[in-house]
Amino acid sequence: MNQVSQKSTNKINLLGLTRQQMEDFFESLGEKRFRAHQIMKWVHFFGVDDFEAMTNIGKGLRGKLAEVAEIKGPAVELEHFSNDGTRKWVVDLGQGNKVETVFIPDGKRGTLCVSSQVGCALDCSFCSTGKQGFQRDLSVDEIIGQLWIAQRSFGAPENHGIRNITNIVMMGMGEPLLNFENVVTAMEIMKDDLGYGVAKKRLTLSTSGVVPKMYELYDRIDVALAVSLHAPNDELRDQLVPINKKYPLSALMAACRRYVDQFPDTRRVTMEYVLMDGVNDKYEHAEQLVALLQDVPSKINLIPFNPFPSSGYKRPNGMRIKAFQDRLIKAGFVTTIRTTRGDDIDAACGQLVGQVQDRTRRAAQWQAKIAEKAANSQKGKQIPVQQVSVHKQS
Ligand code: SAH
Ligand code: SF4
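Before going into details, it helps to say that this report is about the structure given with it. (Residues numbered from 1 in each chain as written. Chains lettered and ligands numbered in written order. Predicted model: local features only at pLDDT ≥ 70, side-chain atom pairs only at ≥ 80, totals over all residues. Heavy atoms only, no water.)

## Digging into the pairing of strand 4 (residues 87-92)
Okay, step 1: Most of strand 4 sits inside the fold, with 5 of its 6 residues counted as buried.
Okay, step 2: Taken together, the 6 bridges between strand 3 (residues 75-81) and strand 4 define a ladder with antiparallel strand orientation. Along strand 4, the bridge assignment pairs Leu78 with Val90.
Okay, step 3: From the end of strand 4 to the start of strand 5 (residues 98-106), which pair antiparallel, there are 5 residues, and Gly94 there has a positive phi angle of about 90 degrees. (Buried < 20%, exposed > 50% of the residue type's maximum accessible area, 1.4 Å probe, protein only. Helix = DSSP H or I, 4+ residues; strand = E, 2+ residues; numbered from the N terminus. Pairing = 2+ DSSP bridges.)

This is how it looks when you write it as structure tokens:
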């Protein structure tokens, strides 16, 4: 059975069980396997956490379940609802470990951005999660718990006739492929009709390029793939996304081509490209990107950099962003610019850190590095960092 978080009790948390595991669980209790279907509907569809509310389950079984099992979402420390419909939750996983989950409505679509790890070991230079260092992986019930909390905030779906969460992106805190088993198991529950019923093309895993795990992923589950590219050549990508030193662009592009080959239904990889002023947003970068992606069926999502305190980077102005997009469109790439939502609640990409504590020394080291660069520049030396920006966090 997959890893489930050990909370205060030894009860099994049903939030973390796939359909198969739930059926096995009922069999182990001497019950019929179809009970799993009834319970999953209560848990994921109606958001129930009390066995007594499960009216189609007999009293005897309800009592038995209450003894050995629980339905327990992670504690919500903060819940913010933005004026534009964006919702953000700061989830407390105990021992000071916190992650964030964001819901972004867009017409009929509602996208939930889910976290997979507390912090991240990969230390991309422009990412606030990376600056926290890595604390720990989330268990399956902690990943699914984020959906459960979000779904409950809308009330039971039968009140609306539709599910509010239509799309899920594994783009919150952490590198999902480095928490492989738990993320794959959680995505099975997300896809399952008895879970969250999200279609495979509406469930996206985003990776910074952990190449061997990408191949493993394709063999385990069919979901949409996004790759955090951010640079069109190895020299620059080594600086921005350090895992590139281990798995350079040639290996990453081969893994992307394999994805498209393995799922040939007009599949494309979404290439994410955070635009940072003067760093990776020049005309030559757009040209190099066109060449790099020539034989990789892809669409490109440009993300204007979201600042956080002491990041050292700056968002390019609108004209620069548009010029970059135009070059890619001219070359035939579907290229979108991600609009920032939930600004008033700091719910944008890369800002999912809020008041989360820094319990490593990485952020302090980073700030020291920036200060040193600023001091050097005063001595007349050239520095690659554009600007030290300080922005308010909620
Ligand atoms: N670790 C995974 C998924 C989480 S990050 C990955 O890197 O793909 C989700 C997305 O947010 C990535 O594309 C990441 O590069 C982007 N991101 C990180 N910091 C950002 C920032 N400050 N501004 C804009 N996007 C950022
Ligand atoms: Fe980790 Fe993704 Fe942030 Fe890089 S961008 S540090 S991989 S969360």
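## What about the site of ligand 1?
Okay, step 1: Near ligand 1, the surroundings consist of 20 residues, among which Gly174, Ser206, Ser228, His230 and Asn306 are the closest.
Okay, step 2: At 2.9 Å, a backbone N or O of Gly174 approaches a nitrogen atom of ligand 1.
Okay, step 3: At 3.3 Å from a nitrogen atom of ligand 1 is found a side-chain nitrogen or oxygen belonging to Glu175.
Okay, step 4: Protein burial of ligand 1: of its 530 Å² of free accessible surface, 95% is covered by the chains.
Okay, step 5: Put simply, the parts of the chain that give the shell around ligand 1 at least two residues each are strand 10 (203-207) and strand 12 (269-275). (Near = heavy atom within 4 Å. Polar contact = N/O pair within 3.5 Å; in protein donor to acceptor, adjacent residues only side chain to side chain. Areas by Shrake-Rupley, 256 points an atom, 1.4 Å probe, with all protein chains shown as cover.)

## Here we look at the pairing of strand 6 (residues 109-113)
Okay, step 1: Most of strand 6 sits out of view: 4 of its 5 residues are buried.
Okay, step 2: Here strand 5 pairs with strand 6 via 5 bridges, running antiparallel. Across the sheet, the residue bridging to Asp106 is Arg109, located in strand 6.
Okay, step 3: Between strand 5 and strand 6, which follow one another and run antiparallel, lie 2 residues, and Gly107 among them has a positive phi close to 65 degrees.
Okay, step 4: Looking at chain direction, strand 6 and strand 9 (residues 167-170) are connected through 3 bridges and run parallel. Looking at the pairing, Leu112 lines up with Ile168 of strand 9.

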